[in-house]
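What follows is the residue order along each chain.
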Amino acid sequence: MTYMEFFGCASVAFGPALAMFIFTISNDPVRIIILIASAFFWLLSLLISSFIWLLWPFKSFLFFGVTCSVIFQELFRYLLYSVLCKAEEGLKRVSMPGTQMSSNKQALSYVAGLGFGLMSGAFSLVNILAEVIGPGTMGLHKGDPEDFCIISSTITMCFIFLHICWGIIFFEAIDRKNYAMFTYVLSTHLLVSYVTMLNASRLYWLSMSVILVVVSMSASVAFIISGGSVGSLKAIASKSSRPLTVQAD
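Okay, so let's go over this structure. Keep in mind the model is a prediction, meaning the values are calculated, not measured.

1. With respect to the overall build of the protein chain
Part 1 of the reasoning: Within the protein chain, the regular secondary structure consists of nine helices and zero strands.
Part 2 of the reasoning: In sequence order, the secondary structure elements of the protein chain are arranged as α-α-α-α-α-α-α-α-α.
Part 3 of the reasoning: Burial status across the protein chain gives 39% buried among its 249 residues.
Part 4 of the reasoning: The long-range share in the protein chain, meaning contacts at least 24 apart out of those at least 6 apart in sequence, stands at 77%.

2. Here we look at the packing of aromatic side chains
Part 1 of the reasoning: Applying the stated rule across the entire model yields eight aromatic pairs.
Part 2 of the reasoning: Here the aromatic rings of phenylalanine 6 and phenylalanine 7 are separated by 5.1 Å at their centres, their planes lie at 80 degrees, and the arrangement is edge-to-face.
Part 3 of the reasoning: Judged by its relative accessible area of 51%, phenylalanine 7 is exposed.
Part 4 of the reasoning: The interplanar angle of 55 degrees and the centroid separation of 5.1 Å between the aromatic rings of phenylalanine 63 and tyrosine 194 together place this pair among those described as tilted. With phenylalanine 63 in helix 3 (residues 62-86) and tyrosine 194 in helix 7 (residues 179-195), the pair connects residues that are 131 residues apart, well separated along the chain.
Part 5 of the reasoning: Pairwise contacts between aromatic rings join Phe40, Phe41 and Phe76 into one cluster.
Part 6 of the reasoning: If you follow arginine 77 out to its NZ or CZ, it ends over the ring of phenylalanine 116, 4.8 Å from the centre.

3. Re the side chain of glutamate 74
Part 1 of the reasoning: Secondary-structure assignment places glutamate 74 in helix 3.
Part 2 of the reasoning: When sequence neighbours within four positions are dropped, the list of residues in contact with glutamate 74 reads Phe170, Val185, Leu186 and His189.

4. Comments concerning the nonpolar core
Part 1 of the reasoning: By size, the foremost hydrophobic cluster in this structure holds 56 residues, and its most contacted members are Tyr110, Leu114, Ile169, Val192 and Ile211.
Part 2 of the reasoning: Mapped by element, the contributors of at least two residues to this core are helix 1 (2-24), helix 2 (29-55), helix 3, helix 5 (105-132), helix 6 (148-176), helix 7 and helix 8 (204-225).
Part 3 of the reasoning: In terms of residue count, helix 6 provides more of this core than any other element does, 15 residues in total.
Part 4 of the reasoning: Each residue touching valine 192, except ones within four places of it in the same chain, is listed here: Phe159, Leu162, Trp166, Ile211 and Val214.

5. Some points on the environment of leucine 35
Part 1 of the reasoning: Mapped onto the elements of the fold, leucine 35 is located in helix 2.
Part 2 of the reasoning: For leucine 35 and alanine 112, which are 77 residues apart along the polypeptide, the C-alpha to C-alpha distance reads 5.7 Å.

6. Some details on the side chain of serine 45
Part 1 of the reasoning: Position of serine 45 relative to the elements: it lies in helix 2.
Part 2 of the reasoning: Judged by its relative accessible area of 1%, serine 45 falls in the buried class.
Part 3 of the reasoning: In terms of polar contacts, serine 45 uses its side chain to reach the backbone carbonyl oxygen of tryptophan 42, at 2.5 Å.

7. Considerations on helix 3
Part 1 of the reasoning: Compared with the 36 Å implied by 1.5 Å per residue over 25 residues, the 36 Å span of helix 3 between its first and last C-alpha is a close match.
Part 2 of the reasoning: Every buried residue of helix 3 is accounted for by Val66, Cys68, Ser69, Val70, Phe72, Gln73, Glu74, Phe76, Arg77, Leu80, Tyr81 and Leu84.

8. Side note on the pattern of salt bridges
Part 1 of the reasoning: One pass over the full model with this rule turns up three salt bridges.
Part 2 of the reasoning: With a closest N to O distance of 2.6 Å, arginine 176 and glutamate 172 form a salt bridge. Taken together, the residues arginine 176 and glutamate 172, both in helix 6 and four residues apart, mark about one turn of the helix.
Part 3 of the reasoning: Taking the relative accessible area as the measure of exposure, arginine 176 reaches 53% and is therefore exposed.

9. Comments concerning helix 7
Because each turn of an α-helix spans 3.6 residues, side chains separated by three or four positions end up pointing in the same direction.
Part 1 of the reasoning: The end-to-end C-alpha distance of helix 7 is 24 Å, a good match for the 24 Å that 17 residues give at a rise of 1.5 Å each.
Part 2 of the reasoning: Buried residues of helix 7: Met181, Tyr184, Val185, Thr188, His189, Leu190, Val192, Ser193 and Val195, and no others.
Part 3 of the reasoning: Contact partners of the buried residues in helix 7: helix 3, helix 6 and helix 8.

10. Section: a nonpolar patch on the surface
Part 1 of the reasoning: Side chains of Leu47, Ile48, Phe51, Leu54 and Leu55 sit close together on the surface and give an oily, nonpolar patch of about 530 Å² of accessible area.
Part 2 of the reasoning: The class of leucine 47 is partly exposed, set by a relative accessible area of 44%.

11. So, the packing of helix 5 against helix 6
Part 1 of the reasoning: Viewed as axis vectors pointing N to C, helix 5 and helix 6 meet at an angle of 160 degrees, and their least axial separation amounts to 7 Å. Considering their axes alone, helix 5 and helix 6 lie roughly antiparallel with respect to each other. As helix 5 packs across helix 6, the resulting crossing turns out to be right-handed.

12. What about unusual backbone geometry?
Part 1 of the reasoning: Of note in this structure, lysine 177 is not a glycine but carries a positive phi near 55 degrees.
Part 2 of the reasoning: Its place among the elements puts lysine 177 in the loop between helix 6 and helix 7.
Part 3 of the reasoning: Phi at arginine 202 takes a positive value of approximately 65 degrees, unusual for a residue other than glycine.
Part 4 of the reasoning: Its location among the elements puts arginine 202 in the loop between helix 7 and helix 8.
Part 5 of the reasoning: With a relative accessible area of 46%, arginine 202 lands in the partly exposed category.

Definitions and cut-offs
- Residues numbered from 1 in each chain as written.
- Predicted model: local features only at pLDDT ≥ 70, side-chain atom pairs only at ≥ 80, totals over all residues.
- Heavy atoms only, no water.
- Helix = DSSP H or I, 4+ residues; strand = E, 2+ residues; numbered from the N terminus.
- Buried < 20%, exposed > 50% of the residue type's maximum accessible area, 1.4 Å probe, protein only.
- Contact = heavy atoms within 4.5 Å.
- Phe/Tyr/Trp six-rings, centres within 6.5 Å; stacked < 30°, edge-to-face > 60°.
- Lys NZ or Arg CZ within 6 Å of the ring centre and 35° of its normal.
- Core = buried A, V, L, I, M, F, W, Y, C linked by side-chain atoms within 4.5 Å.
- Polar contact = N/O pair within 3.5 Å; in protein donor to acceptor, adjacent residues only side chain to side chain.
- Expected span 1.5 Å × (residues − 1).
- Salt bridge = Lys/Arg side-chain N within 4 Å of Asp/Glu carboxyl O.
- Patch = residues over 30% accessible without salt bridge, like charges linked within 9 Å, V, L, I, M, F, W, Y side chains within 5 Å.
- Areas by Shrake-Rupley, 256 points an atom, 1.4 Å probe, with all protein chains shown as cover.
- Axes fitted to C-alpha atoms, helices over the stretch in contact; angles between N-to-C directions.
- Parallel < 35°, antiparallel > 145°, perpendicular 65-115°, else oblique.
- Left-handed = near helix turned anticlockwise from the far one by under 90°.

Here's what the structure looks like:
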């Protein structure tokens, strides 16, 4: 049972991101390099915020730690953007013919956001998965909610999606020098991070509701920035609903 729970929670949290990696990144070495670089930059942001948290005397004041972590994540997202811009010529030389990866800002921001999200999700869920695998399920005493693990996995999945959307919006905000979009990324990142603290009080329904609303909003903004429209959605829907025709010999 513990192995079933482990693979179930891991699939919920990382299944969509793994599918994105396989179908959109794995066949392009430049995208893999950017993915690894973005994950490394997220690790650097965690390292710096950890040092500050270590020096912070009031360890019980969690809001400071959460705020510090979010600010450094967005700071290193900006540093990653700067590094990618400076490495644009090198990316053009090693990119596959016809991909034009380095000139596609939406593709760059998507891959960078997925790298941030995967590393963030791995660090947020790895301890839970390690305990879930056995010999028993952690933290479930008599009267405790039994949906803790699936809620944690779903929140991790949402954060991965959010980092992808935040990456697209953030890179576009820098290109356009749009401070409103930058403020949106920072404020929503702080909001959903603060909301997760409600899980300690078992207010899962409230935290999940807020996170899902932010995911919907961020996905809509990122979709529009990437050139999406209602017409394109209708075209995709009509194409997918079109019945298959079999031509007889």
